[in-house]
Every structure is written in structure tokens, then in C-alpha cells.
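Given next are the chains, with one letter for each unit.
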Amino acid sequence: MEENLSDTTDFGERLGFTPAWHAFGVADAAFLERARAEWDKGEDNNPEHYRYRAFCEFLAAKQPLSPELAIALYELGATDADQGMGGAMMAVIVRQPECPEEVLAMAATSGRPHLIRAVERRAEEAYLAQSRKEEKS
């Protein structure tokens with residue numbers, strides 16, 4: 001049994017899953033088994049695709065996000081080896097309705113144009129929603 005765990009751990013490392021991915025439960029043994037089966041087909045050898053898939057599956061299962069988990073997932077994206085994929089993860093968190101102010105502040109000062117725009121869009125949408133609400137009153 002330990003041999004399988006080691007194989008799973010080695011495979012997870014090969015895909016770029018750092019200890020943080022495991023600590024939050026994003027890359028659990030069940031996901032890694034499914035990913036290994038997919039990887040072995042030889043149709044997709046892009047490790048970042050597997051990390052993004054793990055992130056999306058985890059996110060879908062954890063709705064609504066707690067502020068602590070939103071921060072952790074945002075930071076997981078910020079530290080990912082693939083800047084494009086990590087940035088996509090960060091943007092997904094910013095667009096979550098329950099995204100905490102702390103994450104919005106980090107995104108607004110990230111220096112990443114797509115995150116800054118996402119924060120600005122949220123502010124514009126909130127302003128428009130408030131304006132419509134006031135017009136109805």
C-alpha cells in the first residue's frame with residue numbers, strides 16, 4: 001500500500017502539486033488517481049491543466065467559500081509555477097460573490113492587469129446594482 005502512496009505522491013509532484021495543494025485538500029488521493037488515469041492516456045501532458053482541474057473541482061465542492069479558504073486559494077494561485085494558470089485561479093476567486101475584501105485588496109494591488117480589471121468590474125457592478133435599487137425605492 002505504501003508503494004501506491006509513494007507513486008501517487010511522486011505523480012502529484014510531477015504535476016506540480018506543492019504541499020499547499022495537499023494541505024487544503026485540493027489535490028487529494030482520489031483526484032490524483034483520476035488524474036493519473038487521464039495522464040496515462042497520453043492525450044494531455046500539460047501539468048497545469050490537471051492543477052486547474054483540481055482547483056475547479058475543489059471550488060465547486062466548497063461553495064460558498066469561507067473567507068479563509070478564499071484567501072488560501074487565491075494565494076495558491078499566486079504562488080503557482082505557471083503564472084497564467086495561477087492568475088486564472090486568482091481571477092476565479094476574485095469573481096466569487098463571497099470574495100472577501102482582503103482578497104479584493106490584494107488583487108487591486110497585485111500589478112496584474114486582469115485582476116485589477118476584475119476588481120474594478122465588481123465595483124462597477126455593485127454601484128450599478130445599488131443605483132437600480134435606489135431608483136426602485
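Here the structure is a predicted model, which means the values were calculated and not measured.

Caption draft 1: Focus on the overall build of the protein chain. Each helix and strand counted, the protein chain has eight helices and zero strands in total. Traced from its N-terminal end to its C-terminal end, the protein chain shows the element sequence α-α-α-α-α-α-α-α. With the C-alpha coordinates aligned to their principal axes, the bounding extent of the protein chain is approximately 65 × 25 × 25 Å. Expressed as a percentage of its 137 residues, the buried residues of the protein chain come to 36%. Long-range pairs, those at least 24 residues apart, make up 58% of the contacts in the protein chain with a sequence separation of at least 6. Of the roughly 8,400 Å² of accessible surface on the protein chain, 53% is carried by carbon and sulfur atoms. If the 15 positive side-chain charges of the protein chain are averaged to one point and the 25 negative ones to another, these points end up 7 Å apart.

Caption draft 2: Spatial organisation of the packing of helix α7 (residues 101-108) against helix α8 (residues 113-136). Two elements in contact, α7 and α8, have axes whose closest approach is 8 Å; the angle formed by their N-to-C orientations is 130°. One way to sum up the angle between α7 and α8 is to call them oblique. Taking contact as the criterion, the partners of Leu 104, Ala 107 and Ala 108 in α7 are, on α8, Leu 115, Ile 116, Val 119 and Arg 122.

What counts as what
- Residues numbered from 1 in each chain as written.
- Predicted model: local features only at pLDDT ≥ 70, side-chain atom pairs only at ≥ 80, totals over all residues.
- Heavy atoms only, no water.
- Helix = DSSP H or I, 4+ residues; strand = E, 2+ residues; numbered from the N terminus.
- Buried < 20%, exposed > 50% of the residue type's maximum accessible area, 1.4 Å probe, protein only.
- Contact = heavy atoms within 4.5 Å.
- Areas by Shrake-Rupley, 256 points an atom, 1.4 Å probe, with all protein chains shown as cover.
- Lys, Arg positive; Asp, Glu negative; His and termini not counted.
- Charge placed at Lys NZ, Arg CZ, Asp CG, Glu CD.
- Axes fitted to C-alpha atoms, helices over the stretch in contact; angles between N-to-C directions.
- Parallel < 35°, antiparallel > 145°, perpendicular 65-115°, else oblique.

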